[in-house]
Amino acid sequence: MVARSALETERRDATVLDDAALVDLAQHFRGALIRPGDTQYDAARAVWNGAIDRRPGLVARCTGTADVRAAVRFARERGLLVAVRGGGHNVAGSAVCDGGLVIDLSPMKGLWVDPAGRTARAQPGLLWGEFDRETQAFGLAAPGGIITHTGIAGLTLGGGLGWLMRRHGLAADNVLSADVVTADGDVVRASAEEHADLFWGLRGGGGNFGVVTSFEYRLHPVGPVVLAGVLLHPAAKAREILSFYRDFIATAPDELTTIAVLRMAPPAPFLPPAVHGQPVVVIGACYAGAVADGERALAPLRRFGAPLVDVIRPTPYVSHQALFDPTAPHGLGYYWKSEYVPALSDALIDTLAERAWGVVTPESYTIIFHLGGAVGRQDPEGSAFEDRRAAHAVNIDAVWSEPARASACIAWTRELWEAVRPHSTGRVYVNFLGEEGPDRVRAAYGEAKYERLRALKRKYDPTNFFRMNQNVRP
Ligand SMILES: Cc1cc2nc3c(=O)[nH]c(=O)nc-3n(C[C@H](O)[C@H](O)[C@H](O)COP(=O)(O)OP(=O)(O)OC[C@H]3O[C@@H](n4cnc5c(N)ncnc54)[C@H](O)[C@@H]3O)c2cc1C
């Protein structure tokens with residue numbers, strides 16, 4: 001068989017997306033339809049990762065479920081490759097495709113909070129900052145991620161690690177129901193009562209089974225002021241600090257979720273200029289409970305080792321959510337590799353202390369997420385999410401602004417990842433995967449869960465219509 005050339009692919013897309021076809025779609029579509037040559041085209045195909053440069057044949061900006069159905073049916077009838085875009089944050093750029101059709105959900109930002117019932121129904125174009133702003137108006141929140149400009153949809157469908165997870169579980173653990181447009185263009189509601197198998201798969205299985213057009217979340221009282229912020233220590237003391245940190249979090253209450261970031265201190269306004277650019281261990285913390293209890297819980301961590309900087313203080317939850325935003329701006333080049341680890345063993349700490357600061361650019365970093373608590377207590381088979389026995393997810397993130405540095409940055413990530421791999425549980429968080437091939441997707445879920453996901457895929461998407469994702473192959 002001869003592989004289709006780029007030119008042939010282009011020609012094919014030009015043929016299927018001619019004016020007549022678009023007129024046909026426009027009759028059933030209310031949002032904007034953006035094609036190559038349109039003034040909005042380059043903005044519509046750009047995603048968070050500036051290293052991704054794909055040219056879809058059409059971007060269909062959906063205003064609601066009816067638009068999503070029309071786009072799915074249009075693509076299906078013409079055999080088009082389809083990408084689904086929520087917040088556009090996926091590091092592999094799976095929200096855009098070369099040729100084909102992007103089902104862009106970004107205009108769908110409706111959110112309805114039921115303060116009495118402590119639930120919210122949210123459309124998939126929302127970003128976490130937008131979601132939190134509205135729910136916090138009622139003193140409520142759902143667990144999200146640690147950056148405000150990540151989309152709620154992709155993050156929730158992969159699981160969702162964030163500041164509230166040890167107290168209230170993952171984002172996916174707090175989904176009560178979801179409306180889904182299937183590969184046939186039908187609309188179904190998935191919950192514990194309806195399409196329970198699909199509901200299982202949506203919570204961790206990513207975008208494999210359909211387009212979610214709304215999520216219903218369980219909300220929890222949070223803040224609005226929480227005790228949160230960061231501590232900085234010099235990298236020279238990394239072994240001592242990370243060992244203490246490991247022992248400290250082993251008995252930390254569920255209210256406390258932390259992260260450790262190994263990097264050069266960014267020129268953030270809340271850090272004194274003297275530390276900017278210095279190799280540091282950053283410990284981020286959020287206590288999702290009473291501030292006074294948080295002060296007591298965090299005291300030993302704050303006392304240990306005389307931190308260079310301590311900016312842990314009572315702060316609005318929405319402000320804390322945005323604290324790390326400047327470290328992940330849109331449009332730079334990004335490349336990630338990740339593993340779950342069962343513990344921060346001495347050997348792993350040694351590896352990180354020796355290599356994490358060998359970065360090629362000052363923007364690159366290694367981040368260690370602190371799992372356990374409510375995440376670890378959920379039934380591991382109750383949803384597609386894996387791996388609840390892990391203590392941490394370690395994510396090695398190369399960041400560059402000059403394309404000439406990309407290959408050296410990628411090499412650093414790969415080398416450190418190879419060194420971290422022997423310490424892995426063997427699993428990887430699916431939302432931290434790049435474009436790493438089918439074996440890594442299998443590894444993300446493990447054999448048994450992957451086979452269960454495959455059976456579900458054969459039921460809901462037997463032709464693999466939704467394949468621009470961490471793909472479960474039917
Ligand atoms: C700066 C940054 C910070 C991050 N922080 C965290 C974090 O704290 N915790 C965490 O868990 N993860 C985090 N992530 C990873 C994040 O969860 C994934 O990148 C996720 O894919 C982003 O979702 P999105 O909707 O923004 O992305 P998109 O790129 O739009 O979507 C990713 C994929 O999800 C699927 N998808 C999106 N929307 C839908 C939908 N409505 N229906 C069906 N499928 C859909 C599609 O397959 C799509 O390709 C972070 C990522 C970045 C870039």
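For the structure, check the block above.
Overview of the structure. All values derive from a computational prediction rather than experimental measurement.

### Describing the packing of helix 2 (residues 19-26) against helix 4 (residues 65-78)
Running from N to C, helix 2 and helix 4 cross one another at 145 degrees; their axes reach a closest spacing of 10 Å. In this structure, helix 2 crosses over helix 4, and the sense of that crossing is right-handed. Residue-level contacts link Ala-21, Leu-22, Asp-24 and Leu-25 of helix 2 to Ala-70, Ala-71, Phe-74 and Arg-78 of helix 4. Taken together, the residues of the contact of helix 2 with helix 4 break down into six nonpolar, no polar and two charged.

### Notes on the environment of Gly-294
Counting through the fold element by element, Gly-294 comes out in helix 10 (residues 291-303). Taking C-alpha positions, Gly-294 is 7.8 Å from Leu-256, a pair spaced 38 residues apart along the chain. Ignoring sequence-local partners within four residues, the contact set of Gly-294 consists of Leu-227 and Tyr-287.

### Things to note about the site of the ligand
Within the structure, the ligand sits among 35 residues, and Gly-86, Gly-88, Ser-94, Leu-161 and Tyr-429 are positioned closest to it. Backbone polar atom of Ile-146 to an oxygen atom of the ligand: 2.8 Å apart, as the coordinates give it. Take Gly-154: an N or O atom from its main chain is 3.0 Å from an oxygen atom of the ligand. Here the ligand, which alone exposes 940 Å², has 97% of that area covered by the protein. Listing elements by their share of the shell around the ligand, those giving two or more residues are strand 3 (82-85), helix 6 (152-158) and strand 10 (211-218). Tallied by class, the residues present in the shell around the ligand amount to 19 nonpolar, 15 polar and one charged.

### Brief notes about unusual backbone geometry
Of all residues except glycine, most have a negative phi; of all peptide bonds, most are trans. Cis rather than trans, the peptide bond between Gly-223 and Pro-224 has omega equal to 5 degrees. Tracing the sequence through the fold places Pro-224 in the loop between strand 11 (220-221) and strand 12 (225-234). Backbone torsion omega between Glu-386 and Asp-387 reads 20 degrees, so that peptide bond is classified as cis. Counting through the fold element by element, Asp-387 comes out in the loop between helix 13 (374-377) and strand 19 (392-400). The residue Ala-306 is not glycine, and still its phi comes out positive at about 45 degrees. Along the chain, Ala-306 falls in the loop between helix 10 and strand 15 (309-310). In this structure Ala-306 comes out as exposed when scored by relative accessible area, which is 59%.

### Some words on the pairing of strand 19
Counted residue by residue, strand 19 has nine buried out of nine residues, so it is predominantly covered. Along strand 19, one buried face is formed by His-392, Val-394, Ile-396, Ala-398 and Trp-400 and the opposite face, lined by Ala-393, Asn-395, Asp-397 and Val-399, is buried too. In this sheet, strand 19 lies alongside strand 17 (residues 333-341) in antiparallel orientation, the contact comprising nine bridges. Looking at the pairing, Tyr-335 lines up with Ala-398 of strand 19. In the sheet, strand 18 (residues 365-370) pairs with strand 19 via six bridges, with the strands oriented antiparallel. The residue bridging His-370 from the neighbouring strand is His-392, located in strand 19.

### Focus on the pairing of strand 9 (residues 187-191)
The sheet contact formed by strand 8 (residues 175-181) and strand 9 spans five bridges and is antiparallel. The partner of Ala-178 across the bridge, within strand 9, is Ala-190.

### Some remarks on helix 14 (residues 406-420)
What sets the pattern is the α-helix's 3.6 residues per turn: residues three or four places apart point alike. Helix length check: helix 14, at 15 residues, gives a terminal C-alpha distance of 21 Å against a target of 21 Å (1.5 Å per residue), a fit within 8%. Burial in helix 14 covers these residues: Ala-406, Cys-409, Trp-412, Thr-413, Leu-416, Trp-417, Ala-419 and Val-420. Projection of helix 14 onto a plane perpendicular to its axis shows the buried side chains occupying an angular sector of 165 degrees, all on one side. The exposed set on the far side of helix 14, more than 90 degrees from its buried face, consists of Ser-407 and Glu-415.

### Quick word on the sheet that holds strand 6 (residues 119-122)
Pairing is antiparallel in the open sheet, where five strands are placed in the order 5-6-10-8-9. Each edge of the sheet is formed by a strand with only one pairing partner; in this case those strands are strand 5 (111-114) and strand 9. Pairs of neighbouring strands in the sheet enclose a mean axial angle of 15 degrees, with direction left out of account. Judged from the four bridges that link them, strand 5 and strand 6 form a sheet pairing that is antiparallel. Bridging from a neighbouring strand, Trp-112 pairs with Arg-121 of strand 6. Sitting on the sheet, helix 5 (residues 128-136) is in contact with strand 5, strand 6 and strand 10, with an inclination near 35 degrees to strand 5.

### Side note on the sheet that holds strand 4 (residues 101-104)
Here four strands make up an open sheet; going across it, the order is 1-2-4-3 and the pairing mixed. Two strands bound the open sheet, and with one partner strand each, they are strand 1 (33-34) and strand 3. Where strand 2 (residues 58-61) lies against strand 4, four bridges are found, and the strand directions are parallel. Directly across from Ala-60, in strand 4, lies its bridge partner Ile-103. Of the strands in this sheet, strand 2, strand 3 and strand 4 are in contact with helix 4, which crosses strand 4 at around 165 degrees.

The rules behind the values
The residue numbering used here restarts from 1 in each chain and proceeds along that chain's sequence as written. Given that the model is predicted, a residue must reach a pLDDT of at least 70 before its local features are reported, and side-chain atom pairs must reach 80 or more before they are shown or counted; all residues, however, enter totals for whole chains, interfaces and linings. As a convention, hydrogens and water are excluded, and side-chain values are obtained from all of the structure's heavy atoms. As a rule, the C-alpha atoms of each element are fitted with a line to give its axis, helices using only the stretch in contact, and angles between N-to-C directions run from 0 to 180 degrees. Here a helix means four or more residues in a row that DSSP labels H or I, a strand means two or more in a row labelled E, and each is numbered from the N terminus. For any helix crossing, the convention is left-handed if the near helix is rotated counterclockwise from the far helix by under a right angle, and right-handed if that rotation is clockwise. Only heavy atoms enter the contact rule, under which two residues are in contact if any of them lie within 4.5 Å. We call Asp, Glu, Lys and Arg charged. Ala, Val, Leu, Ile, Met, Phe, Trp, Tyr, Cys and Pro are nonpolar, and the rest, Gly among them, are polar. If even one non-hydrogen atom of a residue comes within 4 Å of a molecule or strand, that residue is called near it. Each polar contact in these results corresponds to two N or O atoms within 3.5 Å; when the atoms are within protein, one needs to be able to donate a hydrogen and the other to accept it, and residues that are neighboring in sequence are counted only if both atoms are side-chain atoms. Method for areas: the Shrake-Rupley scheme with a 1.4 Å probe, in which residue coverage is limited to the protein chains shown. Each residue is placed in one exposure class: buried if its accessible area under a 1.4 Å probe, protein chains only, is under 20% of its type's maximum, exposed if it is over 50%, and partly exposed if it falls in between. Strands are treated as partners if at least two bridges between them are detected by DSSP. What a helix should span is 1.5 Å times the count of its residues minus one. The arc in question is the one spanned by the directions pointing from the helix axis to the C-beta atoms.

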